Amino acid sequence: MRETVEHGEPAGAVCGQPADEERVLRSTLLDILRAMDEAGLNVGTAGNASVRLPEGKMLISPSGVPAERCRPEDMAVVDGDGRHAGPLAPSSEWQLHRDIYAAFAAAGAVLHAHAPFATALACQRLEIPPFHYMIARFGGISVRCARYATFGTQALSDATVAALQARNACLLANHGMVVFGRDLGHALALAIEFETLCEQYWRTLQIGPPVLLSEAEMAEVIERFRWYGKARRT
């Protein structure tokens, strides 16, 4: 699928959104990219982030530019066919982001990072088992590791979508992590939480195989997470 670049996209042209809303969305995405660096999830040009737009489009970070050198106007709008608008090309992982939005209605924002502990586990191609109940935070009794595929390819996108079924996070073999959330702030919080779990699992493995929670114990936790952090009716 060939990418095209349309230069000179006018302000306020993000899917017909008002100019003020567009500026906020672009600035928020850039803030998240920089927060990923500050949290130690990425270094240099590694990793990327996006937010869902109407009409099957998304706003995504540019390719090959460190977050500290980006401007809000450098964020690229990409449609479902891979056509993009903006002064810079979109992230090489745009297909992965596009396909996550297409596959999961709950995905409002997607973060991909080369976080140290997640990447260490991914390079061992390890699934993260229920060593801690907070694994349920990511949708199931484990966090899967997607099969290896070259970065920026449809094969990687397909592998990622498969690993994310009934989950909102996964590892990418010999690569890193992917997390999606309802919005950019939520996705960042989940990514930081996931990297913390990856570090805890890595440290546990230095001692020996952990004692795992049972399916019944994890099922109870998953049920509790259905209302955890939400207002409950009385």
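Read on for an overview of the structure. (Residues numbered from 1 in each chain as written. Predicted model: local features only at pLDDT ≥ 70, side-chain atom pairs only at ≥ 80, totals over all residues. Heavy atoms only, no water.)

## Comments concerning the pattern of salt bridges
By the definition in use, this model includes eleven salt bridges. Asp-74 is paired through a salt bridge with Arg-71; the nearest N and O atoms lie 2.8 Å apart. Relative accessible area serves as the criterion here: at 4%, Asp-74 is assigned to the buried category. Here Arg-83 and Asp-79 are joined by a salt bridge, their closest N and O atoms 3.1 Å apart. On the basis of relative accessibility, which here comes to 39%, the residue Arg-83 falls in the partly exposed class. Through salt bridges with shared partners, a single ionic network connects Arg-71, Glu-73 and Asp-74. (Salt bridge = Lys/Arg side-chain N within 4 Å of Asp/Glu carboxyl O. Buried < 20%, exposed > 50% of the residue type's maximum accessible area, 1.4 Å probe, protein only.)

## Examining unusual backbone geometry
Of note in the backbone geometry, Glu-55 takes a positive phi value of approximately 65° without being a glycine. Inspection of the secondary structure puts Glu-55 in the loop between strand E2 (48-52) and strand E3 (58-60). In this structure, Ala-166 takes a positive phi of about 60° despite not being glycine. Here Ala-166 shows up in the loop between helix H4 (154-163) and strand E8 (169-172). (Helix = DSSP H or I, 4+ residues; strand = E, 2+ residues; numbered from the N terminus.)

## Observations regarding the pairing of E8
Burial along E8 is two-sided: Ala-169 and Leu-171 and Cys-170 and Leu-172, pointing in opposite directions, are all buried. For strand E7 (residues 145-146) and E8, the ladder comprises two bridges, and the chain directions are parallel. By the bridge assignment, Ala-146 is partnered in E8 with Leu-172. This β-α-β element, E7 to H4 to E8, shows right-handed connectivity. When E8 meets strand E9 (residues 176-181), the two strands line up antiparallel, connected through four bridges. By the bridge assignment for E9, Ala-169 is matched with Val-179. Linking two consecutive strands that pair antiparallel, namely E8 and E9, is a turn of three residues; a positive phi of about 55° is found at Asn-174 within it. (Pairing = 2+ DSSP bridges. Right-handed = clockwise from strand over helix to strand, strands pointing away.)

## Overview of the environment of Arg-137
Here Arg-137 shows up in the loop between helix H3 (116-123) and E7. With relative accessibility at 29%, the residue Arg-137 sits in the partly exposed group. Separated by 88 residues in the primary sequence, Arg-137 and Phe-225 have C-alpha atoms spaced 7.0 Å apart. Side-chain polar atoms of Arg-137 contact the side chain of Glu-193, separated by 3.3 Å. (Polar contact = N/O pair within 3.5 Å; in protein donor to acceptor, adjacent residues only side chain to side chain.)

## With respect to the packing of H3 against helix H5 (residues 184-207)
It is at 7 Å that the axes of H3 and H5 come closest, and there the two elements cross at 55°. It follows that H3 is oblique to H5 by the angle criterion. Both H3 and H5 take part in a crossing whose hand is left-handed. In this structure, H3 contributes Pro-116, Phe-117, Ala-118, Ala-120 and Leu-121 to the contact, and H5 contributes Glu-195, Cys-198, Glu-199, Tyr-201, Trp-202, Arg-203 and Leu-205. Across the contact of H3 with H5, the residue classes tally to nine nonpolar, no polar and three charged. (Axes fitted to C-alpha atoms, helices over the stretch in contact; angles between N-to-C directions. Parallel < 35°, antiparallel > 145°, perpendicular 65-115°, else oblique. Left-handed = near helix turned anticlockwise from the far one by under 90°. Contact = heavy atoms within 4.5 Å. Nonpolar A, V, L, I, M, F, W, Y, C, P; charged D, E, K, R; others polar.)

## Points about helix H1 (residues 19-38)
With 20 residues, H1 should cover 28 Å at 1.5 Å per step; its first-to-last C-alpha distance of 29 Å lies within 8% of that length. The complete set of buried residues in H1 reads Glu-22, Leu-25, Arg-26, Leu-29, Leu-30, Ile-32, Leu-33 and Met-36. One side of H1 holds all its buried residues, which, seen down the axis, span an arc of 150°. Summarising the geometry of H1, the exposed residues directed more than 90 degrees from the buried face are Asp-20, Val-24 and Glu-38. (Expected span 1.5 Å × (residues − 1). Arc of directions from axis to C-beta.)

Geometry only, nothing functional implied.
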